[in-house]
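A closer look at the structure
So you can see what is in the structure, the chains are spelled out below.
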Amino acid sequence: MQSFAQLVQQFEAYLKEKMPFPQQPENLYEPCRYLLGLDGKRVRPVLCLMANELFDDITNDAWLAATGIELFHNFTLIHDDIMDKAPLRRGNPTVHAKYGMTAGILCGDIMAIQAYDQLAGIQQALPQVLHMFNRTAREVCEGQQWDMDFETRDDVSIDAYIHMITLKTSVLLAASLHIGALLGGSTEGNAAKLYEFGKNLGIAFQLQDDYLDAFGTSDKVGKQQGGDILANKKTYLLLKALENATDAQRTEIGYWLTNSGEGKIAAMLELFKATGADTACREAVKIYSDKAFACLEDVAVLSKRKEPLYDLAGYLLQREK
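1. A closer look at the side chain of Asn200
- Tracing the backbone through its elements, the reader meets Asn200 in helix α9 (residues 188–215).
- Of the polar contacts made by the side chain of Asn200, one reaches the backbone oxygen of Glu196; its length is 2.9 Å.
- With residues near it in sequence (within four places) discarded, Asn200 still touches Tyr288, Lys291, Ala292 and Cys295.

Below is the structure:
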């Protein structure tokens, strides 16, 4: 079994060699090459390869699936950035900011088309792979729509938020594992356990990201502390604070949601602590990460073969297995 880092290196080399974009027309394909070169973490495609290697040597089908998954993921990033009007991605200009809105839309389109072209080369279990891929693609779009809807809603519940991040973030991680396992000859039962592992891992990771955005340091997190607070983003912390708040605390939260004056971040952090939202968020991370590890434990494969997945999950969640 190979480590995540080893497989990332191999996937980068494979992607560079097999880059599915011609040179012309340059204004269509250069933005695609640009985005794929921005040092993505490659978590999703490598999860596909890791799940495949649990059951067999990594197959050509798994490489094709991993590439399709990565192309689809980057398609979602391009269009999400357009919808969010985001100027930066991984510390660099987003595709639409660098090349223009038309290029951004077309680049996203061609990424999605090329993702399916990669999948078309799969020889084993193609109907099952396509069904899982299409279901996941639809769910990711649903998650993005819920996220946008929540921006203008005042009645978002914790359960609705968990449902949204499951669709927007977790299901693609889960599907990557499921597809890789199927292509390695896994039983449906083991593939389903790996799917649940990825889904719960993704939820825990997003909740942890909510927490670190508020309480992490900028140098550790790699982005501005309190960015979600300044953007009035409906994170787990904000929703739990509103749920637990007294009338006075709810009034104060309401004030800061309509004002961006100096002291907003510090005031909201104190409110998160006073309402117990910070503790609840940490507890939720543990609940979902424990679920993830329990699902991985149940996969009927020798524990030693699962160690790279345990290590990756522990790294992503900054915790021991």
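2. Regarding the nonpolar core
- One finds Leu194, Phe197, Leu207 and Phe272 to be the most contacted residues of the largest nonpolar core, which totals 107 residues.
- It is helix α8 (residues 158–183) that contributes the most residues to this core, 16 residues altogether.
- Setting aside its immediate chain neighbours within four residues, Phe197 contacts Leu177, Ala292, Cys295, Leu296, Leu309 and Ala313.

3. Describing the environment of Leu182
- The topology assignment puts Leu182 in helix α8.
- The class of Leu182 is buried, set by a relative accessible area of 16%.
- When sequence neighbours within four positions are dropped, the list of residues in contact with Leu182 reads Gln128, Glu188 and Ala191.

4. A short note on the packing of helix α3 (residues 43–53) against helix α16 (residues 303–317)
- Taken N-terminus to C-terminus, the directions of α3 and α16 make an angle of 155°; their axes are 9 Å apart at the nearest point. Considering their axes alone, α3 and α16 lie roughly antiparallel with respect to each other. Crossing of α3 against α16: the hand is left-handed. Of the residues in α16, those touching α3 at Leu47, Met50 and Glu53 are Arg305, Pro308, Leu309 and Leu312.
- Across the contact of α3 with α16, the residue classes break down as five nonpolar, no polar and two charged.

5. Concerning the side chain of Ser176
- The residue Ser176 is located in helix α8 in this model.
- Residue classification places Ser176 among the buried positions, given a relative accessible area of 0%.
- Apart from residues lying up to four places away in sequence, Ser176 is in contact with Arg44, Leu47, Cys48 and Ile69.

About the cut-offs
- As a convention, each chain's residues are numbered from 1 in the sequence order in which they are written.
- Reporting in this predicted model follows two pLDDT cut-offs: at least 70 for local features of residues, and 80 or more for side-chain atom pairs to be given and counted; totals over whole chains, interfaces and linings ignore these cut-offs and use all residues.
- The side-chain values count all of the structure's non-hydrogen atoms but skip hydrogen atoms and water molecules.
- Working definition: helices are DSSP H or I runs of at least four residues, strands are E runs of at least two. Numbering for both runs from the N terminus.
- In protein, a polar contact means a hydrogen-donor-capable atom and an acceptor-capable atom, both N or O and within 3.5 Å, with residues adjacent in sequence counting only if both atoms are side-chain atoms; elsewhere, any N or O pair within 3.5 Å suffices.
- Any two residues whose heavy atoms approach within 4.5 Å are treated as being in contact.
- To qualify as a nonpolar core, a set must consist of buried Ala, Val, Leu, Ile, Met, Phe, Trp, Tyr and Cys residues joined through side-chain atoms within 4.5 Å.
- Burial classes follow relative accessibility: with a 1.4 Å probe on protein chains only, a residue under 20% of its type's maximum area counts as buried, one over 50% as exposed, and anything between as partly exposed.
- The convention used is that axes are lines fitted to C-alpha atoms, helices contributing only their stretch in contact, and that angles between N-to-C directions extend from 0 to 180 degrees.
- Working rule for angles: under 35 degrees goes down as roughly parallel, over 145 as roughly antiparallel, 65 to 115 as roughly perpendicular, anything else as oblique.
- Each crossing gets its hand from how the near helix is turned against the far one by less than a right angle, where anticlockwise is left-handed and clockwise is right-handed.
- Classification used: nonpolar for Ala, Val, Leu, Ile, Met, Phe, Trp, Tyr, Cys and Pro, charged for Asp, Glu, Lys and Arg, polar for all others including Gly.

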